[in-house]
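Architecture and fold: a report
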Amino acid sequence: MRGNWVKRGSPTAPVVVFIHGVLSSGEQCWQHASGAYWPDIVAADKELTDLGVYVFTYSTGIFSGGYRLADAVDALKEHLVLDEITGSVGIVFVCHSMGGIIARKYLVSRATELIERNAQIAILLLASPSLGSAYADWLKPLAKVLKHSQGDALRFTRSNAWLDDLDREFMNLKEGGRLSIVGKELIEDRFIAFYRFWRNKVVEPFSGARYFGEPYKVPESDHFSIAKIENERAIQHRQLRRLVLEWRQAKISAISVNGSAERSRTNPEERSEEPCPISIVDTTTGGLRDINPDDPPSQGSLSVVDETVARDLHASLEVIMVDPTTRHLIDRFWDLDASDRREIALELGLICDVEVALPEQQRYDLALVRASERDLLERLEELVEERE
């Protein structure tokens, strides 16, 4: 098992996580006969430049035997934690076949943690047997001989209590609305061989189009080719791009951050002299309060930024970064040395002296949101360029 970064994105952008299917791998699943590799295509897409791209691989060979789906889910959870993906502003799962089951089980099993973090989830399912596959039923005797627990787990739900329970749990999680989940399901068009005579598919539409509206059948695709694209013009990639862009624009809405929207309507020079109160958690009381930079803070009062405020800052940045030019500027800003970032933010009055003590991520999230609201992005770009 392993997780590989294809590209590390902006710290304020979601991460695309590819998860392959049964009897495959992180390399084989996503590679077209031409050599094109879908994760590389996502990494190079000019409309998705700030996103991170990550490929997760788990054990699923013919002789993987007792390595169960639950083990793969545990491995996914550990790799997402170790590679700091769980702290991302959002995760986009791209899942082929059994990879969709692993992603859904991960979301169900970690629901409490994800809800507490206000995680934003998008998921693209490619020929994923949400209700199982008849071919797994037929291959049950072989799976039993090989003691292949993963193959046994893909049987139809009518004889598969585990998959039936997962289907119900995921549906309840999605429809409950406590965890934000959007998605798209792509289904295969034909069987992998003898398709002129054999009409049944590995994953039938009723099993592969289960959770999200308007599923799409990829023309001429089979169970394996649906995950292998030649270039960014492939319909699968265009569907992924559309899902991501619409999700970022619609699901992560703009909000006002501590009254900065009101200050944005005043003169920039006057704003730089105004106090800029922020919400913090006072460690002596555990309560949330506003502080003013003109007031001396109590000892330890800046130890933690309220989690709701931090999430709201990320939400505002997501809206700002819908524009590719702004995304690029924010990436350039984060590429600067820490001292340069601090000098720029202070020079433009985007943070107060007291806010320098905030954690770096929240400090500059706040600064970048204010730069946008105060129409200072052009000046910000000039200062970034001077220091590059």
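Here the structure is a predicted model, which means the values were calculated and not measured.

On to the overall build of the chain. The helix and strand tally for the chain stands at 17 helices and 10 strands. Put simply, of all contacts in the chain between residues at least 6 apart along the chain, 75% involve residues at least 24 apart.

The next subject is helix H17 (residues 377-387). Of all the positions in H17, only Leu380, Leu383 and Val384 are classed as buried. Considered in projection along H17, the buried side chains sweep an arc of 100 degrees and stay on one side of the axis. Residues of H17 that are exposed and angled more than 90 degrees away from the buried face: Glu378, Glu385 and Glu386.

Where burial is concerned, most of strand E3 (residues 52-57) is hidden: 6 out of the 6 residues are buried. Sheet analysis places strand E1 (residues 2-7) next to E3, joined by 5 bridges and oriented antiparallel. Looking at E3, one finds that Lys7 is bridged to Val53. Note that strand E2 (residues 15-19) and E3 share 5 bridges and pair parallel. Bridge pairing links Val15 to Gly52 in E3. Since E2 and E3 lie parallel, the crossover through helix H1 (residues 38-44) that links them has a hand, and here it is right-handed.

Our next topic: the packing of aromatic side chains. Enumeration according to the criterion identifies 11 aromatic pairs in this entry. Each ring, one from Trp334 and one from Tyr364, has its centre 5.9 Å from the other, and the planes form 90 degrees; the classification is edge-to-face. Pair noted here: Trp334 is in helix H14 (residues 324-335) and Tyr364 is in helix H16 (residues 360-373), with a separation of 30 residues, a long-range link. Grouping residues by exposure puts Trp334 and Tyr364 together as buried. The rings of Phe18, Trp30 and Trp38 are connected pair by pair, giving a single aromatic cluster. Cation over ring: Arg104 sits above Phe170, and NZ or CZ is 5.6 Å from the ring centre.

Let's shift gears to unusual backbone geometry. With phi around 55 degrees, Asn118 is a residue other than glycine that occupies positive phi space. Within the secondary structure layout, Asn118 lies in the loop between helix H4 (111-116) and strand E5 (120-126). Asn118 sits in the partly exposed class, given a relative accessible area of 38%. Here the phi dihedral of Ala127 falls at roughly 50 degrees; this positive angle occurs in a residue that is not glycine. With respect to the helices and strands, the residue Ala127 is situated in the loop between E5 and helix H5 (134-138).

On to the packing of H14 against H16, then. The N-to-C vectors of H14 and H16 enclose an angle of 140 degrees; their axes lie 12 Å apart at closest approach. In terms of orientation, H14 and H16 fall into the oblique class. Regarding H14 and H16, the two cross each other, and that crossing is right-handed. In contact with Ile330, Phe333 and Trp334 of H14, H16 contributes Glu360, Gln361, Tyr364, Asp365 and Leu368. Within the contact of H14 with H16, the residues separate by chemical class into 5 nonpolar, 1 polar and 2 charged.

Turning our eyes to something else, we now look at the confidence of the model for the chain. On average, residues of the chain carry a pLDDT of 75, and 66% of them reach 70 or more. The least confident element of the chain, judged by mean pLDDT, is strand E10 (residues 304-305) at 38; the most confident is H1 at 98.

Along the polypeptide, Leu336 turns up in the loop between H14 and helix H15 (338-347). Separated by 49 residues in the primary sequence, Leu336 and Glu385 have C-alpha atoms spaced 9.9 Å apart. What Leu336 contacts, discounting residues up to four positions off in sequence, is Arg341, Ile344, Val384, Arg387 and Glu388.

So, how was this worked out
- Residues numbered from 1 in each chain as written.
- Predicted model: local features only at pLDDT ≥ 70, side-chain atom pairs only at ≥ 80, totals over all residues.
- Heavy atoms only, no water.
- Helix = DSSP H or I, 4+ residues; strand = E, 2+ residues; numbered from the N terminus.
- Contact = heavy atoms within 4.5 Å.
- Buried < 20%, exposed > 50% of the residue type's maximum accessible area, 1.4 Å probe, protein only.
- Arc of directions from axis to C-beta.
- Pairing = 2+ DSSP bridges.
- Right-handed = clockwise from strand over helix to strand, strands pointing away.
- Phe/Tyr/Trp six-rings, centres within 6.5 Å; stacked < 30°, edge-to-face > 60°.
- Lys NZ or Arg CZ within 6 Å of the ring centre and 35° of its normal.
- Axes fitted to C-alpha atoms, helices over the stretch in contact; angles between N-to-C directions.
- Parallel < 35°, antiparallel > 145°, perpendicular 65-115°, else oblique.
- Left-handed = near helix turned anticlockwise from the far one by under 90°.
- Nonpolar A, V, L, I, M, F, W, Y, C, P; charged D, E, K, R; others polar.
- pLDDT = per-residue confidence, 0-100.

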